[in-house]
Amino acid sequence: MSSFFNYNKEGRGVTKEEVAAESPLKRFGTEFLHRFWQLVLLNVLYLVACVPIITIGPATAAMNYVCRNFSQAKPVSFFTDFIEKCKEHFKQGVAVFLIQLFAGALLISSFMMWTSSGWNVSEGWRTAAVIVIFLVGYLFLCGSFYLYPMMVSFDLTVKQLFRNSFILVVTQLWRNIVMLLVAAVLIVVTFLFWPLSFPLPLFLAFTLACYVNNALVYPVLKRYVASPEATAPLAE
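Heads up: these notes are all about the structure in this document. (Residues numbered from 1 in each chain as written. Predicted model: local features only at pLDDT ≥ 70, side-chain atom pairs only at ≥ 80, totals over all residues. Heavy atoms only, no water.)

**Brief notes about the pattern of salt bridges**
Part 1 of the argument: Overall, the coordinates contain three salt bridges when judged by the stated rule.
Part 2 of the argument: Salt-bridge contacts for glutamate 88 lead to lysine 85; the nearest nitrogen and oxygen are separated by 2.9 Å. Taken together, the positions of glutamate 88 and lysine 85, both in helix H5 (residues 80-88) and three residues apart, correspond to about one turn of that helix.
Part 3 of the argument: Judged by relative accessible area, which is 10%, lysine 85 ranks as buried.
Part 4 of the argument: Note that arginine 126 and glutamate 123 form a salt bridge whose closest N and O atoms lie 3.5 Å from each other. (Salt bridge = Lys/Arg side-chain N within 4 Å of Asp/Glu carboxyl O. Helix = DSSP H or I, 4+ residues; strand = E, 2+ residues; numbered from the N terminus. Buried < 20%, exposed > 50% of the residue type's maximum accessible area, 1.4 Å probe, protein only.)

**Brief notes about the layout of surface pockets**
Part 1 of the argument: Volume-wise, the largest pocket comes out at about 1100 Å³.
Part 2 of the argument: Listing elements by their share of the lining of the largest pocket, those giving two or more residues are helix H3 (36-49), helix H4 (56-71), helix H6 (90-115), helix H7 (123-153), helix H9 (173-192) and helix H11 (205-226).
Part 3 of the argument: Across the lining of the largest pocket, the residue classes break down as 25 nonpolar, eight polar and no charged. (1 Å grid on protein atoms, 1.4 Å probe; cavity = no way out; pocket = protein on both sides within 12 Å on 5 of 7 lines; lining within 4 Å. Points joined across faces, edges and corners; volume = space filled by probe spheres on them. Nonpolar A, V, L, I, M, F, W, Y, C, P; charged D, E, K, R; others polar.)

**Examining the packing of aromatic side chains**
Part 1 of the argument: With the rule as written, the count across this model stands at 10 aromatic pairs.
Part 2 of the argument: A centroid spacing of 5.0 Å and a plane angle of 40° characterise the contact between phenylalanine 28 and tyrosine 211, whose relative ring orientation is tilted. Of this pair, phenylalanine 28 sits in helix H2 (residues 24-34) while tyrosine 211 sits in helix H11, and the two are 183 residues apart along the sequence.
Part 3 of the argument: The class for phenylalanine 28 is partly exposed, based on a relative accessible area of 25%.
Part 4 of the argument: Arranged with centres 5.6 Å apart and planes meeting at 75°, the rings of tryptophan 194 and phenylalanine 198 form a pair that is edge-to-face.
Part 5 of the argument: You can call tryptophan 194 partly exposed: its relative accessible area is 49%. (Phe/Tyr/Trp six-rings, centres within 6.5 Å; stacked < 30°, edge-to-face > 60°.)

**Side note on the environment of methionine 150**
Part 1 of the argument: Tracing the backbone shows methionine 150 in helix H7.
Part 2 of the argument: The exposure class assigned to methionine 150 is buried, which follows from its relative accessible area of 0%.
Part 3 of the argument: Separated by 68 residues in the primary sequence, methionine 150 and tyrosine 218 have C-alpha atoms spaced 8.3 Å apart.
Part 4 of the argument: Discounting residues that sit within four places of it in the chain, methionine 150 has contacts with Leu156, Leu161, Asn164, Ser165, Leu168, Leu221 and Val225. (Contact = heavy atoms within 4.5 Å.)

**What about the packing of H2 against H11?**
Part 1 of the argument: Look at H2 against H11: their axes get within 11 Å of each other, and the N-to-C directions meet at 150°. When the axis of H2 is compared with that of H11, the two are roughly antiparallel. Note on packing geometry: the crossing formed by H2 with H11 is right-handed. Taken together, the residues of H11 that come into contact with H2 (itself represented by Arg27, Phe28, Glu31 and Phe32) are Leu208, Tyr211, Val212 and Ala215.
Part 2 of the argument: Of the residues assigned to the contact of H2 with H11, the class counts are six nonpolar, no polar and two charged. (Axes fitted to C-alpha atoms, helices over the stretch in contact; angles between N-to-C directions. Parallel < 35°, antiparallel > 145°, perpendicular 65-115°, else oblique. Left-handed = near helix turned anticlockwise from the far one by under 90°.)

Have a look at this one:
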């Protein structure tokens, strides 16, 4: 019985030729089915790692590392590598999370201030301010799709991570839309069918979104961040 849950046991694996021959969509489905129960366990592990709140950033980085390897059919241990990457990216993960937290709080408070009836400004200025707030919010929200995969894939500073993520948000519109739709569907389904949907966020929602995200964005990161001719303009 224990052999069914021995994820550290080496299997046949796949050759580079087999991976290269597979279409991205086929690999996505094959790896998802192959890694399904590991994704479930990883989701629980991620939630436990996020309990101190301050560790949300490092835990998110570690989850992205594991899901990136899952999506690319690369060998990885969902438990051992998760713990290792949490430690490796602790400082940078905390810094990125705190910046995101501060930006989110600032955007929410700005939105509430500009939409408050007690704020005596013209409708034109109010509308312009709300549009700017939504655009900045869009940059930070969609930037998260690229931040953590970059963090665990390349040696970049926090400044470079945010700069690159904002550039990619602007240039990769359809990927942003797909990930926003995935997140929206998971959120809507969770709230629409609550409490029956309780197992979804507990066992799969976070790793499912992360797996889809890495399958979408990692090829772009390899092309625009990892390649010698593209690294300079993005990472300087």
